[in-house]
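# Report on the structure
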Amino acid sequence: MAQSESAAFAVVRAVSEQRLWQRHMVIARFGATGRGGVNRQALTSEDIRARKRLLAWAEARGYEAAVDAIGNLFIRRPGRDNSAPPVVAGSHLDTQPTGGNFDGAYGVLAALEVMEAADDAGIATERALETVVWTNEEGARFQPTTMGSAVFAGALALEAALATTDCAGVSVEAALAQMLASLGVARRKEFRFPMTAYLEAHIEQGPLLEAQRKKIGAVTGIQGLRWFQVEVRGQEAHAGTTPLRSRRDALASAVAMIAALGESMHDENDAVRFTVGRCEVFPNSPNTVPSRVLFTIDLRHPERETLATLGDPIEAICRARAGGCEVKVTETLNAAPTVFDPRIVELVRAAAKRQNLPSIDLVSGATHDAKFMAQLCPSGMIFVPCAGGVSHSEAEAAAPSDLAAGTRVLAEVALKLANS
Ligand code: GLV
Ligand code: MN
Ligand code: MN
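Throughout this document, residue positions are counted from 1 along each chain, in the order its sequence is written. Numbering of ligands from 1 and lettering of chains from A proceed in the order in which they are written. Only residues with pLDDT of at least 70 are given local features in this predicted model, and only at 80 or more are side-chain atom pairs given and counted; all residues enter the totals for whole chains, interfaces and linings. Each side-chain value is derived from all of the structure's non-hydrogen atoms; neither hydrogens nor water enter the calculation.

## Details of the environment of Leu333
Secondary structure elements are defined from DSSP: runs of H or I of at least 4 residues count as helices, runs of E of at least 2 residues count as strands, and each element is numbered from the N terminus. Examined against the element boundaries, Leu333 turns out to sit in strand E13 (residues 326-335). C-alpha separation for the pair Leu333 and Gly104, spaced 229 residues apart in sequence, amounts to 20 Å. Only heavy atoms matter for contacts: two residues are in contact if any of them lie within 4.5 Å across the pair. Discounting residues that sit within four places of it in the chain, Leu333 has contacts with Pro144, Thr145, Thr146, Leu225, Arg226, Trp227 and Phe372.

## Re helix H12 (residues 342-354)
An α-helical turn contains 3.6 residues, so any two residues separated by three or four positions project in the same direction. The end-to-end C-alpha separation of H12 is 18 Å, in line with the 18 Å expected for 13 residues at 1.5 Å each. Listed in full, the buried residues belonging to H12 are Ile344, Val345, Val348, Ala351 and Ala352. When H12 is viewed along its axis, its buried side chains cluster within an angular range of 130° and face the same direction. The exposed residues of H12 that point more than 90 degrees off its buried face are Pro342, Arg343 and Lys353. Residues of H12 that are buried sit in contact with strand E5 (197-203), strand E6 (216-222), strand E15 (359-364), strand E16 (379-384) and helix H14 (400-418). Expected helix span is given by 1.5 Å per residue-to-residue step, counting one fewer step than there are residues. To sort residues, take the accessible area from a 1.4 Å probe on protein chains only and compare it with the maximum for the residue type: under 20% means buried, over 50% means exposed, and anything in between is partly exposed. Think of it as the arc spanned by the lines of direction from the helix axis to the C-beta atoms.

## Some thoughts on the coordination of the manganese ion (ligand 3)
Water is not part of the atom set, so a site may look incomplete; the donors themselves are N, O and S atoms within 2.8 Å of the metal, or 3.2 Å for Na, K and Ca. In this structure, Asp103 (OD), Glu138 (OE), Glu138 (OE) and His392 (NE2) serve as the protein donors to the manganese ion (ligand 3), at separations of 2.1 to 2.4 Å. Considered as a linear motif, the donors of the manganese ion (ligand 3) on their single chain read D-x34-E-x253-H. A distance of 3.7 Å spans the gap from the manganese ion (ligand 3) to the manganese ion (ligand 2), which Asp103 bridges by coordinating each metal. Within this pair, whereas Asp103 is found in the loop between strand E3 (87-92) and helix H4 (105-120), its partner His392 is found in the loop between E16 and H14, the two being separated by 289 residues in sequence. The class of His392 is partly exposed, set by a relative accessible area of 41%.

## Here we look at the layout of surface pockets
Within this scheme a cavity is a closed region of a 1 Å grid, computed over the protein atoms alone, that accommodates a 1.4 Å probe without allowing it to escape, whereas a pocket is open but has protein on both sides within 12 Å along at least five of seven lines; lining residues each have an atom within 4 Å of a point. Grid points are joined across faces, edges and corners, and a volume is the space filled by probe spheres set on the points. Considering only enclosed or pocket space, the largest pocket measures out at about 880 Å³ in volume. Taken together, 29 residues line the largest pocket, and the ones lying closest to its centre are Trp227, Thr275, Asp298, Arg300 and His392. Only strand E9 (273-275), strand E12 (292-301) and E15 provide two or more residues apiece to the lining of the largest pocket. Broken down by element, the residue count for the lining of the largest pocket peaks at four residues, all from E12. Polarity classes work like this: nonpolar for Ala, Val, Leu, Ile, Met, Phe, Trp, Tyr, Cys and Pro, charged for Asp, Glu, Lys and Arg, and polar for all others, with Gly in that last group. Split by residue class, the lining of the largest pocket holds eight nonpolar, 14 polar and seven charged. Counted as a void, the second largest pocket has a volume near 340 Å³. The wall of the second largest pocket is formed by 15 residues, among which Gln143, Thr165, Gln229, Arg292 and Leu294 lie closest to the centre. Elements with a contribution of two residues or more to the lining of the second largest pocket: strand E7 (224-233), E12 and E13. Ranked by residues supplied to the lining of the second largest pocket, first place goes to E13 with three residues. Looking at which domains feed residues into the lining of the second largest pocket, each of domain 1 (2-223 + 337-419) and domain 2 (224-335) gives three or more. Start and end positions for the domains come from either an automated domain assignment or a database one.

## Here we look at the packing of aromatic side chains
Pairing of aromatic rings covers Phe, Tyr and the six-membered ring of Trp, with a centre-to-centre limit of 6.5 Å; geometry is then stacked below 30 degrees between planes, edge-to-face above 60, and tilted otherwise. Tallying each qualifying case throughout the model produces eight aromatic pairs. Summarising the aromatic geometry, the rings of Trp21 and Phe102 are spaced 5.8 Å apart at their centres and angled 25° between planes, so their arrangement reads as stacked. Remark: Phe102 occurs in the loop between E3 and H4 and Trp21 occurs in helix H2 (residues 17-27); sequence separation between them is 81 residues. Ring geometry for Trp134 against Tyr198: centres 5.9 Å apart, planes inclined by 65°, an arrangement best described as edge-to-face. Here the residue Trp134 occupies a position in strand E4 (residues 129-134), and Tyr198 occupies one in strand E5, the gap between them amounting to 64 residues. Of the two residues, Trp134 and Tyr198, both sit in the buried class.

## A closer look at the site of ligand 1
We call a residue near a molecule or strand as soon as one heavy atom of that residue lies within 4 Å of the molecule or strand. Surrounding ligand 1, one finds Glu137, Glu138, Arg300, Ala366, Thr367 and His392. Definition of a polar contact: a pair of N or O atoms within 3.5 Å, with one able to donate and the other able to accept a hydrogen when the atoms are protein atoms, and with sequence-neighbouring residues admitted only if both atoms are side-chain atoms. Taking Glu138, its side chain carries an N or O atom lying 2.8 Å from an oxygen atom of ligand 1. Contacts to ligand 1 include His392, whose side-chain N or O atom sits 3.0 Å from an oxygen atom. In the complex, the protein chains occlude 95% of the 190 Å² of accessible area that ligand 1 would expose alone. To decide whether a molecule occupies a pocket or cavity, check its atoms: if more than half lie within 2 Å of the grid points, it is inside. Put simply, ligand 1 lies in the largest pocket. Among the residues forming the shell around ligand 1, the class breakdown is one nonpolar, two polar and three charged. We get accessible surface area from the Shrake-Rupley algorithm with a probe of 1.4 Å; when it comes to residues, only the shown protein chains can shield them.

## A short note on the side chain of His24
Position of His24 among the secondary structure elements: in helix H2. With a relative accessible area of 0%, His24 lands in the buried category. The contact partners of His24, leaving out residues within four places of it in the chain, are Asn101, Phe102, Ala105, Tyr106, Leu109 and Leu403.

## Describing the pairing of E12
Looking along a regular strand, one sees the side chains alternate between the two faces of the sheet. The buried count for E12 comes to nine of ten residues, which makes it a mostly enclosed element. A pair of strands is treated as paired once DSSP finds two or more bridges between them. Of the pairings in the sheet, the one linking E7 to E12 comprises ten bridges and is antiparallel in character. Residue Val230 lies in a different strand from E12, and its bridge partner there is Phe295. By the bridge criterion, three bridges tie E9 to E12 in an arrangement that is antiparallel. Paired with Thr275 across the bridge in E12 is Asp298. Pairing analysis gives four bridges linking strand E10 (residues 279-282) to E12, with the strands arranged antiparallel. Following the sheet pairing, Glu280 is matched in E12 by Leu294.

Just geometry here; none of it tells us what the structure is for.
Here you go:
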């Protein structure tokens, strides 16, 4: 057996299901809602505390930590050749407002587990292994989603990201400064530093693996995604005295726009994903005609052409339903469908097969930081089942043995790449 294979298999054997599960339960305390889920939105004190916990585990192993200018956190286990680009794996620790315990945290904890398993097995690698925590993957508090990896990859300007504000008017710049001060990580990383490969383990967030009784998804790509913010401006007026015909009601116009957009998204195959998930109404009073509405649009499809056909007319559709209001449509993210490197997909398939884990190829419906990394280096993802395919929900659940199985596949792929 080649030396790199036996090293990989030794690390696979050293993966600890119990340690991995316990760590999920520890991270789940940061932002716990008391209903089984978490609210750990990006750059909040809960997010900071989860990162500090991770840093303490890393420090206990003697790993080095570094951050870049958007707060992406890298934890490094050195290799024999530290001039060679590392193999990087990870995901995110921020969550949706009613998030689960596995979306994101799993990819981070699985990556750390691989590094610790390599220590426990006494295996040195040629290239360094690194665990990354991307900043603001969810895009719930600050838009857009996958902000940290977008800035890292050069797809979003750092200045634009830093200027973004949350609903309370707090900027990424201010919240990030607080996080960086609190983490106290002095070492700095450059954006787009060279990587041998990027790997991300994640729960599927969909029903296919469970329905087909498969344990591993070899992810071949990610469907495309466009995000828009629509601002509708009307005129405040008294609800009791202002006749309907003379109103410029921003909410009534927004509702008409959303209805028209919904009709324009009709699709025989039910493959289009169209969501208006946030709507802010000002001044938000029962007896004042709304003067301003902000709503978001999340549009997804596996084909670039369909995303253009459905996404490009959004502004015109909104204008046609503005009903005397002003409307401003801003596209905050336009990510084409991603195709992962076939060599990485094949390594995932082969590791699953060798470990007797039934697998299928699939395309991710959810988006991930791996889409930006795929623009920079060979990248790929490993999916494991989650109960009922439920995610972005406090009901999200995954089995400890499935999480460990995905981590063993990650270990095999990462070790082979690190020693190649
Ligand atoms: C990521 O959380 C997504 O929205 O797909
Ligand atoms: Mn995620
Ligand atoms: Mn998510």
